[in-house]
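Summary of the model geometry
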Amino acid sequence: MQLDATDIKILHFLQSEGRISNQDLADKVFLSPSSCLRRVRMLEEAGIISRYSAVLDATALGLEVDAFVQVTMRRDVEQWHENFSAALQSWPEVVGSYIITGDANYLLRVKARNLKHYSSFVLERLYKTTGVLDIRSNIVLQTLKDTNEIATGLLQSDK
């Protein structure tokens, strides 16, 4: 789908104000409510808007530990990738998982209530997963930027 300047504005406002009414969104992007709704539905159908959600504050919810964990797997274990991928789906502490380049195979983002909870996760689940060779943790001391928003300035517009 080719995005124009109005589509990009719609995406901008929906990312920052997910509960905005269609009327208010239409006013901000200078469209009629029906035209605005039609465009939003097209963006949804094209998969550009994949879902709507609320952003929760992990610290306010008592999750004090945020860690990035590099996991290196033993390649001599059969179906190491499939087994690890399946196991991490059941771990609520893992809020992000990525296959990466470099020495490690995966990068996990892990949230935990405290260091005891984090330690238990690493020792009782992560290390006990078949095929795990090495784990390197980086505990976040301070968050400088954390967003799921895609800066609309990165998107191309014909107009």
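One structure accompanies this document, and this report is about it. Numbering of residues starts from 1 in each chain and follows the order in which that chain's sequence is written. Side-chain atom pairs in this predicted model are given and counted only at pLDDT of 80 or more, local residue features only at pLDDT of at least 70, and totals for whole chains, interfaces and linings cover all residues. To get the side-chain values, all heavy atoms of the structure are used, and hydrogens and water are removed first.

**Description of the environment of T147**
Strands are runs of DSSP state E lasting at least two residues, helices are runs of H or I lasting at least four, and both sets are numbered from the N terminus onward. Checked against the element boundaries, T147 lands in the segment after strand 4 (132-139). The sequence separation of T147 and S137 amounts to 10 residues, and the corresponding C-alpha distance is 21 Å.

**As for the sheet that holds strand 2 (residues 94-99)**
Taken in spatial order, the 4 strands make up an open sheet running 2-3-1-4, and their pairing is antiparallel. Across the chains shown, the open sheet's two edge strands, defined by having one partner strand only, are strand 2 and strand 4. Neighbour-to-neighbour, the strand axes of this sheet turn through a mean angle of 20°, independent of strand direction. When DSSP finds two or more bridges between a pair of strands, those strands are recorded as paired. For strand 1 (residues 65-73) and strand 3 (residues 106-112), the ladder comprises 7 bridges, and the chain directions are antiparallel. Bridged to F68 within strand 3 is R109. Contacts were defined at the residue level, with two residues in contact if any of their heavy atoms lie within 4.5 Å. Here an axis means a line fitted to C-alpha atoms, over the contact stretch when the element is a helix, while the angle between two N-to-C directions is reported on a 0 to 180 degree scale. Against the sheet, helix 5 (residues 115-126) engages strand 1, strand 2, strand 3 and strand 4, with an angle of about 15° to strand 1.

**Some points on helix 5**
H117, Y118, F121, V122 and L126 are the residues of helix 5 that are buried. Viewed end-on, helix 5 has its buried residues packed into an arc of 135°, placing them on one side of the element. Structurally, helix 5 contributes buried residues whose contacts are with strand 1, helix 4 (80-88), strand 2, strand 3 and strand 4. Under the rule applied, a polar contact is a pair of N or O atoms within 3.5 Å (in protein, one hydrogen donor and one hydrogen acceptor; residues adjacent in sequence only if both atoms are side-chain atoms). The opening residue of helix 5 is N114, an N-cap whose side-chain oxygen sits 3.2 Å from the backbone nitrogen of K116. The rule is simple: take the accessible area with a 1.4 Å probe, protein chains only, and divide by the maximum for that residue type; under 20% is buried, over 50% is exposed, in between is partly exposed. Arc definition: directions from the helix axis to the C-beta atoms.

**Thoughts on the packing of aromatic side chains**
Two rings belonging to Phe, Tyr or Trp (six-membered ring only in the last case) form a pair when the distance between their centres is within 6.5 Å. Interplanar angles under 30 degrees mark stacking, angles over 60 mark edge-to-face geometry, and anything in between is tilted. In this structure the tally under the stated criterion is 4 aromatic pairs. Between the aromatic rings of F84 and W91, the centroid separation amounts to 5.9 Å while the plane-to-plane angle is 75°, which identifies the pairing as edge-to-face. A single burial state applies to F84 and to W91, both of which are buried. Among the aromatic side chains, those forming a connected cluster through ring pairs are W80, F84, W91, Y106 and F121.

**Things to note about unusual backbone geometry**
Within the chain, F30 stands out as a residue other than glycine whose phi angle is a positive 60°. Inspection of the secondary structure puts F30 in the loop between helix 2 (22-29) and helix 3 (33-45). Residue F30 is classed as exposed on the basis of its relative accessible area of 71%. Positive phi outside glycine occurs at Q79, with the angle close to 50°.

Worth remembering: the numbers are spatial, not functional.
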